[in-house]
Amino acid sequence: MAQGRTRALWLSRSDALLEDARRDWTAIGGAASDLTPLNSWKLGETVRLDRGVVFTTYATLRQPARGAKMSRLDQIVAWLGEDFDGVIAFDEAHAMANAAGGGKGARGAKKASLQGMAGLALQNRLPNARILYVSATGATTAENLAYASRLGLWGGPEAPFTTREDFLDAMDKGGVAAMELVARELKVLGLYVARSLSFEGVEYAPLAHALTEDDVAIWDAWADAFQMIHAHLAEALKATGLADADGKPKSPMAASAVHSAFEGAKLRFFGHLLAGLKAPTLIAAIRADLAEGRSAVVQIVSTNEAVMERRLASVPPEEWNNLSIDLTPREYVLDYLREAFPVHLMEAVEDADGGVTLVPVLVDGRPAVSQEALQRRAFLIARLAGLPAVPGALDALLDAFGTDHVAEITGRSRRVVRRAGRRVVERRGASAARAETDAFMSGRKRVLVFSEAGGTGRSYHADQSAPNRQPRVHYLVEPGWRADNAIQGLGRTHRTHQASAPLFRPVVTDIHGEKRFTSTIARRLDSLGALTRGERRTAGAGLFRAEDNLESPWARRALLVFYGALGFGELAAMDLETFEGKTGLKLRDADGGLKPSDDLPPIHTFLNRLLALRIADQNALFADFDAILSGILERAAASGELDRGLEDIEAEALEVIDAETIRTDVATGAETALVTFELKVARDLLPADAASAQAKAGACRFVVNARSGRAAVAELGLTTTTDDDRLVPAVRLVRPDQRGVMPERAFAESAWAEADEATWRSIWDAEVAAADPWRTRRLTLATGLLLPIWGRLPAKGCAVRRVRAPDGRRWLGRVLDEVQASSLKAALGLTSLGDAWADGARTAAALLDRNVQLALTGGLWLKRARVMDRWRLEVVGGRMDRDALVALGCFVEIIAYTPRLFVPVDRPDVVEAVLRRHPVQSVLDGAAA
């Protein structure tokens, strides 16, 4: 507005953030009266405002036209004018996630969100507008960046990606590393300002609740109860006509809806039960905090509001002053049985095309019910009503500390609390959240509980301007399902202008099924940090470990191996038939064999079903699954395939061998360079004492290789996977500077043999003493501005490294080998392909080691071929020029009655001669294909 643009638009997540917007606007010199909510004008009315900022929400923006009344989007565009060149600020921009759809969900491609499409339409309708995206969690997946069309990532003539699909494909192939570089590139171009609040001073200490015998008994009782419900559900489907006598659904869609309701109720129940079981340990920890002068903040997801409202609806208001109702998660199960358990009779009706539709059976105009299904439901309600109940975390905290000491910031409009020994209904007004926040920040209440509804836009940190400056202890009781919400919740207690940084305490149990909840968060934390800050390690601040991510490609592969091991009876925890019976998952087809991999249950379904098993069954199955996953991750790490994202290389000595600028951006002057380093990095050598202690702590043996004379520690009793994903027994060999896993059979057939400790130690010590304490390597980085040349960089193998020199210099970029660097320079027109492949020794090494294939003039190919268990260099298609190539030094060999032409692998001069006669036309990089 200081530049003469008198109108602007401010969009945010909810109307409650209007006051926060006014606070921020006045903080930069504006007047509070400048902001006017769009709701001041009715749908279809002309916005009567000559100067100022209109505030609206994404939900309002998506409101369609009604009759002759224009839509909210048309109303805004009419006020701003189609030539509008002012500012549109998308606050909480992640609310437009999935604006273009296309992301893969559990049931196929996701549809685009309405408010995301509305946000995109607004940007398209006002092409001259200056767009500002503001979000603490811009996107948790690459698909969710679709709303940010003005960043110029795709679609324009200067964009690095032709289409959004090209961008998503590159991010999918490049993984987290690619996302990190994209975020940094945007910052370099001035299109992205990403600021991460430092986590310096923030402490992290998980609060573990060890399950008691009573906890295990409660969990197991409910696990058995759900098994019983599942069994009765199958019979009820038959009784109501939804399934035939063999249990086969007459309508797969109807049966799927019934099972979906059951699984949803089960998952919600065990989520609430899990949080409720943590309450005793949580309460004890908060009491200790209060005694030691700290204030506690508790982050939850569920408030049991739906259960409470249904129970109150069944009780006359005059009895609300002395209630005796059950508000525990048990009510979720009973509500499911009362409302969603199938009891109505259905009949199949076949249409003219042979399709079958199920319709209710009517008697005297009313739906008929199955008496058998009713009896089963009544039996289940009677059995489950007597099972032990655990209060929800929120109610447990209110009961323990009282409403006079706990500030509740949730969306509940009323609640049931204890007053003088009675349970009464207490109403909460629209201003309750603000009043409760003030009570906590002033110190009148020192415990605060907030849910997602109470987390947006509020601050609970130790603000230096607030009376309550006590250190905050932030308990994450329920991480929920969305990484962005979890991270924003953690940000409520860690903000600028604070007297002290908080202590984050995720509250966890030793129930392995809890990984169902943390895995979704862990999966998204990596990409969240990469997309929003260009540094994924800042996103979660170490709250979740990489191994908590059970929704990675490696975990999905481990699950397929797990299913295969079940099918072949190779798991100690459970056999296939028992697994199918307890989880309700069907892994076999009609012929009794294992289903194709695409038809097997996905990882989230597997985790959901395991959560509802008995504790012992969960632990046993997870132990087998974790062992398989660990083996796969170890193999992937050893082969260099594991996506580690950005990694630092701290060099003890560094020399820049070559630095070449390969591109200069015309608009910004930013350079792209190829830099080659000679690095010296300290070698991490394992001392004999540490190796011996490790060996004696597990099932290990001291071994010596009779052929090479080297020593190792062999760790037995492991498993690994073969190339065809079969589970086989394995041995891990730990050596002074490396470790690796090999199949048990290969180990038995090798030269490794058991040795006494004295012999082993002498050999081990000699190896350590003789080893070079430094590892020297050569590394080439494509560094600087990379987005404009992204399409010319390798599609796979996107290793991103930050090289740090001892003198403080730093380089960040994509690691390229010699082949990739030469191909990049040729693609940019800096060299010809012929010059790039002129060195015969390097070319031969690239073809033999990396499976690079060279297309030559005259229709020839130069590539590797295995003959008699050895790799050779073969010229394919050279029959017409055979004599000339033989004259250059090639040789012909008759194999399977066919003459084949080879280049001697130890003659670089012959390779060079062949390439001079038939220059390289194109390159197929087998390692990146």
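Placed above this text is the structure.
Heads up: these notes are all about the structure in this document. (Residues numbered from 1 in each chain as written. Predicted model: local features only at pLDDT ≥ 70, side-chain atom pairs only at ≥ 80, totals over all residues. Heavy atoms only, no water.)

Taken as a whole and assessed by the stated rule, the structure comprises 42 salt bridges. Between Arg 683 and Asp 737 there is a salt bridge, with the nearest N and O atoms lying 3.1 Å from each other. Within this pair, whereas Arg 683 is found in the loop between strand S23 (671–682) and helix H22 (688–697), its partner Asp 737 is found in the loop between strand S26 (727–735) and strand S27 (738–743), the two being separated by 54 residues in sequence. On the basis of relative accessible area, Arg 683 is assigned to the partly exposed category, the value being 22%. Two residues, Glu 893 and Arg 872, come together in a salt bridge whose shortest N-O distance is 2.8 Å. Of the two residues, Glu 893 sits in strand S35 (residues 891–895) while Arg 872 sits in strand S34 (residues 870–876), which places them 21 residues apart along the sequence. Through salt bridges with shared partners, a single ionic network connects Asp 395, Glu 408, Arg 412, Arg 415, Arg 419, Glu 426, Arg 428, Glu 436 and Lys 445. (Salt bridge = Lys/Arg side-chain N within 4 Å of Asp/Glu carboxyl O. Helix = DSSP H or I, 4+ residues; strand = E, 2+ residues; numbered from the N terminus. Buried < 20%, exposed > 50% of the residue type's maximum accessible area, 1.4 Å probe, protein only.)

Take the nonpolar core next. Grouped together as the largest cluster of nonpolar side chains are 58 residues, with contacts concentrated most on Ile 88, Phe 90, Leu 122, Phe 167 and Met 171. At the level of secondary structure, the elements contributing two or more residues to this core comprise strand S1 (7–12), helix H2 (58–61), helix H3 (72–80), strand S4 (87–91), helix H4 (114–125), helix H5 (164–188) and helix H25 (818–827). Ranked by residue count, the leading element in this core is H5, at 9 residues. Ranked by size, the runner-up nonpolar core spans 38 residues in total, among them Trp 222, Phe 270, Val 333 and Ile 511. (Core = buried A, V, L, I, M, F, W, Y, C linked by side-chain atoms within 4.5 Å.)

This next bit is on empty space enclosed by the protein. Counted under the stated rule, the structure contains 3 cavities of 30 Å³ or more. Around the largest cavity, the lining comprises 14 residues; the ones closest to its centre are Phe 226, Gln 227, Lys 266, Lys 582 and Thr 583. When contributions to the lining of the largest cavity are tallied by element, the ones reaching two or more residues are helix H6 (213–239), helix H7 (252–277) and helix H19 (576–583). Element by element, the count of residues in the lining of the largest cavity is highest for H6, at 4 residues. Across the lining of the largest cavity, the residue classes break down as 5 nonpolar, 5 polar and 4 charged. Taken as a whole, the second largest cavity encloses approximately 70 Å³ of empty space. Lining the second largest cavity are His 272, Ala 275, Ile 300, Ser 302, Thr 303, Asn 304, Gly 392, Ala 393, Leu 394, Asp 395 and Glu 478. (1 Å grid on protein atoms, 1.4 Å probe; cavity = no way out; pocket = protein on both sides within 12 Å on 5 of 7 lines; lining within 4 Å. Points joined across faces, edges and corners; volume = space filled by probe spheres on them. Nonpolar A, V, L, I, M, F, W, Y, C, P; charged D, E, K, R; others polar.)

So, on to the packing of H6 against H7. The description of two packed helices rests on the angle between their axes and on the distance between the axes. At a minimum axis separation of 12 Å, H6 and H7 run at an interaxial angle of 170°. Comparing their axes, H7 and H6 come out roughly antiparallel. Across the interface between the two elements, Asp 215, Ile 218, Trp 219, Trp 222, Ala 223, Phe 226, Ile 229, His 230, Leu 233 and Leu 237 of H6 pack against Val 258, His 259, Phe 262, Lys 266, Phe 269, Phe 270, Leu 273, Leu 274 and Leu 277 of H7. Residue composition of the contact of H6 with H7, by class: 15 nonpolar, 2 polar and 2 charged. (Axes fitted to C-alpha atoms, helices over the stretch in contact; angles between N-to-C directions. Parallel < 35°, antiparallel > 145°, perpendicular 65-115°, else oblique. Contact = heavy atoms within 4.5 Å.)

Turning to the sheet that holds S27, a few remarks are in order. Taking strand neighbours across the sheet as the criterion, the 5 strands line up as S27-S26-S25-S24-S28 in an open arrangement whose pairing is antiparallel. Strands with a single pairing partner mark the edges of an open sheet, and in this sheet they are S27 and strand S28 (752–754). Averaged over all pairs of adjacent strands, the angle between strand axes in this sheet comes to 40°, irrespective of strand direction. Packing of helix H24 (residues 757–770) onto the sheet brings it into contact with strand S24 (700–705), strand S25 (711–721) and S26, and relative to S25 it is tilted by some 100°. (Pairing = 2+ DSSP bridges.)

For any pair of aromatic rings, geometry is given as the distance between the ring centres together with the angle between the planes. Tallying each qualifying case throughout the model produces 24 aromatic pairs. Consider the rings of Tyr 58 and Phe 90, whose centres lie 6.4 Å apart with planes at 10°: the pair is stacked. Of this pair, Tyr 58 sits in helix H2 while Phe 90 is found in strand S4, placing the two residues 32 residues apart along the sequence. Judged by its relative accessible area of 1%, Tyr 58 is buried. A ring pair is formed by Phe 226 and Phe 269, whose centres lie 5.6 Å apart and whose planes are at 40°; its orientation type is tilted. Taken together, the positions of Phe 226 in helix H6 and Phe 269 in helix H7 put the pair 43 residues apart, joining distant regions of the chain. (Phe/Tyr/Trp six-rings, centres within 6.5 Å; stacked < 30°, edge-to-face > 60°.)

Worth remembering: the numbers are spatial, not functional.
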